[in-house]
Amino acid sequence: MKIISWIIKGVILLLLLIVAFLNTQNVQFTYLPEQSTQLPLIVIVFGGFVVGAVFGLFAMFGRLLRLRSENNRLRNEVQKSARLTTEAISAPIAKPTVSDMKVTK
C-alpha cells in the first residue's frame, strides 16, 4: 500500500512540474497601486502558495499553544495521580485488632 501511495504522489508531482514548466510566460503582477512587475506565471502561483501556507501556520499557532498547555495540564494530573497511588501503596496498612472490632447484637 505504501508503494502505491508513493507512486500516486510521484505522478502528482510530475504533473505539477509539467504544468509549471509549461506556464513560464511572463505576466504583469501588480503588488501596490501603480507598482507592477513582469514575472513568470509559475513564480506568482508558487508565491501565492507560500503566502497561503504562512498564513495557515499563523492561524494554527493559537490552537497549537492551547493544545500544548492542555497537554501539560493533563501530564501534571497524571503525575500527581501516580504519586498519590504510589504513596497509598507504600503506606503501611493498619490491621484491625480485637479491640477495634465492635460486636453488634
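Everything discussed here concerns the structure shown above.
Residues numbered from 1 in each chain as written. Predicted model: local features only at pLDDT ≥ 70, side-chain atom pairs only at ≥ 80, totals over all residues. Heavy atoms only, no water.

Asks: Now, about helix H2 (residues 41-90): what can you tell me, with residues and values included?
Replies: Its 50 residues give H2 an end-to-end C-alpha distance of 71 Å, which sits within 8% of 74 Å, the value for a rise of 1.5 Å per residue. At Phe61, H2 is deflected by roughly 30°, the largest bend along its length. (Helix = DSSP H or I, 4+ residues; strand = E, 2+ residues; numbered from the N terminus. Expected span 1.5 Å × (residues − 1). Bend = angle between axes of the 7 residues up to and from the residue.)

Asks: Any chance you could break down the layout of surface pockets for me, citing the residues and the numbers?
Replies: In this structure, the largest pocket encloses a volume near 200 Å³. Every residue lining the largest pocket is listed: Leu13, Leu16, Leu17, Val19, Ala20, Asn23, Leu41, Ile42, Val45 and Phe46. Elements represented by at least two residues in the lining of the largest pocket include exactly helix H1 (2-22) and H2. The biggest single contributor to the lining of the largest pocket is H1, with 5 residues. Considered class by class, the residues forming the lining of the largest pocket number 9 nonpolar, 1 polar and no charged. (1 Å grid on protein atoms, 1.4 Å probe; cavity = no way out; pocket = protein on both sides within 12 Å on 5 of 7 lines; lining within 4 Å. Points joined across faces, edges and corners; volume = space filled by probe spheres on them. Nonpolar A, V, L, I, M, F, W, Y, C, P; charged D, E, K, R; others polar.)

Asks: Please set out the pairing of strand E2 (residues 35-40) residue by residue, giving values where relevant.
Replies: Of the strand pairs in this sheet, strand E1 (residues 26-32) and E2 are connected by 6 bridges, and their pairing is antiparallel. When the bridges of E2 are listed, Val27 appears paired with Leu39. Taken together, E1 and the strand that follows it, E2, pair antiparallel across an intervening segment of 2 residues, in which Glu34 is found at a positive phi of about 65°. (Pairing = 2+ DSSP bridges.)

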